[in-house]
Amino acid sequence: MPRILSGIQPSGELHLGNYLGAIKNWVELQERYESLFFVADYHAITQPYEPELLRKRRREMAASILAAGVDPAKASLFLQSDVPEHTELAWIFNSVTPLGELERQTHFKDKAQRQGSVMTGLLTYPVLQAADILLYRADLVPVGEDQVQHLELTRVITRRWNAQYGRGEDYFPEPQPLLTPARRIMGLDGQTKMSKSLNNYIGLLETSAEIWAKLRPAATDPARQRRTDPGTPEVCNIYHLHRAFSDAATVEEVAVNCRTAGWGCIDCKKVLHKSIDTELTPIRRRAAEIAAKPQIVDDALAAGAARCRTIASKTMSEVKERMGFA
Ligand code: TYM
């Protein structure tokens, strides 16, 4: 079975963007691949943070991933910091990563320009990400579009390390991204990517009423000023959310009624709200079960870390042997 690996930062709650762009895909892929999923807690400290909040959010993120359907019987779920080889391999990869490649990363440029003093961790963030992936010699990485540049850098690191230490073989496979149709979900403003830091998101575990309060004022086709104006579904974020949550017949109905002004935007949003509720109801139920039995999270994380440590220590001893440490 080919191996997949992916991670998510515990920098806030799971939202519809990373659910549709990544986690929902993990749930489907765990049936067909050897699956390793983790909470990237070491990546989270590259931004200013509160230790108490990190402690809480790591667990909450793991609980939400389980509620969304990742099954510990089929996939390994773990905390990155429970497998120390991630940072050990990252240090090694620093020695084959060109500085210019790191400085070119959009993630670095965006975040660095918003901060007064920039810490090295923000720059070397993608080196740790490369280590996350290559430690398990994963073939495929299911992510949203915003992670594709990091994966390209992982491939650069793979080629460089293989060329220097691979002894003529590709010890590390070059990992490929696995994108979903929902590779870039826009926020409620319709302008920017849905993200925790921009506060333009709907949380996976928000109540039906909370979701409606956010959907109601959400941006639609800006050209549709009045109820009677016909709209263009393709430029409307609500239509794109329908494509992610509603069945094909409803999506078609939405498109027709938007183009002919048969429905107003609020009518369209009510239908979307119902579709989102249908999808999230079983997830909310599982989240409540998990909250009542926190041991479920502890057990899943312990089993996941134990399995991953075995793979990680084997890779590290082979890497060290090839690099002259053993
Ligand atoms: P993070 O925590 O920002 O996001 C987790 C996953 O969700 C996807 N995603 C989205 N997809 C579609 N639309 C959106 N609006 C949206 N927002 C987020 C992301 O693409 C990602 O797949 N650096 C990573 C975590 C990481 C990682 C790794 C991932 C660390 N090591 C190794 C893969 C492999 C990150 O910050 O993701």
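Reference entry: report on the structure contained in this document.

Rules and cut-offs
- Residues numbered from 1 in each chain as written.
- Predicted model: local features only at pLDDT ≥ 70, side-chain atom pairs only at ≥ 80, totals over all residues.
- Heavy atoms only, no water.
- Near = heavy atom within 4 Å.
- Polar contact = N/O pair within 3.5 Å; in protein donor to acceptor, adjacent residues only side chain to side chain.
- Areas by Shrake-Rupley, 256 points an atom, 1.4 Å probe, with all protein chains shown as cover.
- Helix = DSSP H or I, 4+ residues; strand = E, 2+ residues; numbered from the N terminus.
- Phe/Tyr/Trp six-rings, centres within 6.5 Å; stacked < 30°, edge-to-face > 60°.
- Buried < 20%, exposed > 50% of the residue type's maximum accessible area, 1.4 Å probe, protein only.
- Lys NZ or Arg CZ within 6 Å of the ring centre and 35° of its normal.
- Axes fitted to C-alpha atoms, helices over the stretch in contact; angles between N-to-C directions.
- Left-handed = near helix turned anticlockwise from the far one by under 90°.
- Contact = heavy atoms within 4.5 Å.
- Nonpolar A, V, L, I, M, F, W, Y, C, P; charged D, E, K, R; others polar.
- Salt bridge = Lys/Arg side-chain N within 4 Å of Asp/Glu carboxyl O.
- Expected span 1.5 Å × (residues − 1).
- Bend = angle between axes of the 7 residues up to and from the residue.

### Re the site of the ligand
Around the ligand sit 29 residues in total, of which Tyr 125, Asp 132, Gly 144, Asp 146 and Ile 185 are the nearest. Asp 146 is positioned such that a nitrogen or oxygen atom in its side chain is 2.4 Å from an oxygen atom of the ligand. In the environment of the ligand, a nitrogen atom lies 2.9 Å from a nitrogen or oxygen atom belonging to the backbone of Met 194. Computed on the free molecule, the ligand has an accessible area of 710 Å², of which 96% lies beneath the protein chains in the complex. Among the elements of the structure, strand 1 (3-8), helix 1 (16-29) and helix 7 (120-134) are those that each provide at least two residues to the shell around the ligand.

### Quick word on the packing of aromatic side chains
Using the criterion set out here, one finds eight aromatic pairs in the structure. Centroid distance Phe 78 to Tyr 136: 5.9 Å. Interplanar angle 65°. Geometry classified as edge-to-face. Separated by 58 residues along the polypeptide, Phe 78 in strand 3 (residues 75-79) and Tyr 136 in the loop between helix 7 and strand 4 (140-142) bring together distant segments of the chain. With respect to class, Phe 78 is no different from Tyr 136; both count as buried. Members of the aromatic cluster, each reached through a chain of ring pairs, are Phe 93, Trp 161, Tyr 165, Tyr 171 and Phe 172. Residue placement shows Arg 137 over the ring face of Tyr 171; its charged tip is 3.9 Å from the ring centre. The ring of Tyr 201 carries Lys 214 above its face, with NZ or CZ at 4.7 Å from the centroid.

### Section: the packing of helix 9 (residues 208-215) against helix 12 (residues 265-292)
In contact at an axis separation of 10 Å, helix 9 and helix 12 are set at 145° when each is read in the N-to-C sense. As helix 9 packs across helix 12, the resulting crossing turns out to be right-handed. Residues Ser 208, Ile 211, Trp 212 and Leu 215 of helix 9 touch helix 12, and the partners they reach there are Ile 266, Lys 269, Lys 270, Leu 272, His 273, Ile 276, Asp 277, Leu 280 and Arg 284. Looking at side-chain class alone, the contact of helix 9 with helix 12 contains seven nonpolar, two polar and four charged residues.

### Considerations on the pattern of salt bridges
Tallied over the full model, the rule gives 21 salt bridges. Across the pair Arg 3 and Glu 34 runs a salt bridge, and its minimum N-O distance is 3.1 Å. Taken together, the residues span a long stretch of sequence, with Arg 3 in strand 1 and Glu 34 in strand 2 (residues 34-39) at a distance of 31 residues. For Arg 3, a relative accessible area of 18% gives the class buried. Residue Glu 52 pairs with Arg 55 through a salt bridge whose shortest N-O separation is 2.6 Å.

### Remarks on helix 7
Over its 15 residues, helix 7 runs 22 Å from end to end, which matches the ideal 21 Å to within 8%, given 1.5 Å per residue. At Pro 126, helix 7 shows its maximal kink, close to 35°. Burial runs high along helix 7: twelve of the 15 residues are buried. For helix 7, every residue scored as buried is listed here: Leu 122, Leu 123, Tyr 125, Pro 126, Val 127, Leu 128, Gln 129, Ala 130, Ala 131, Asp 132, Ile 133 and Leu 134.

### A short note on helix 1
Taking 1.5 Å per residue, 14 residues should reach 20 Å; helix 1 reaches 18 Å between its end C-alpha atoms and fits that length. When the local axis directions of helix 1 are compared, the greatest deviation, roughly 35°, occurs at Ala 22. Counting buried positions along helix 1 gives twelve out of 14 residues, so the element sits mostly inside the fold. All buried positions along helix 1 are accounted for by Leu 16, Gly 17, Asn 18, Tyr 19, Leu 20, Gly 21, Ala 22, Ile 23, Asn 25, Trp 26, Val 27 and Leu 29.

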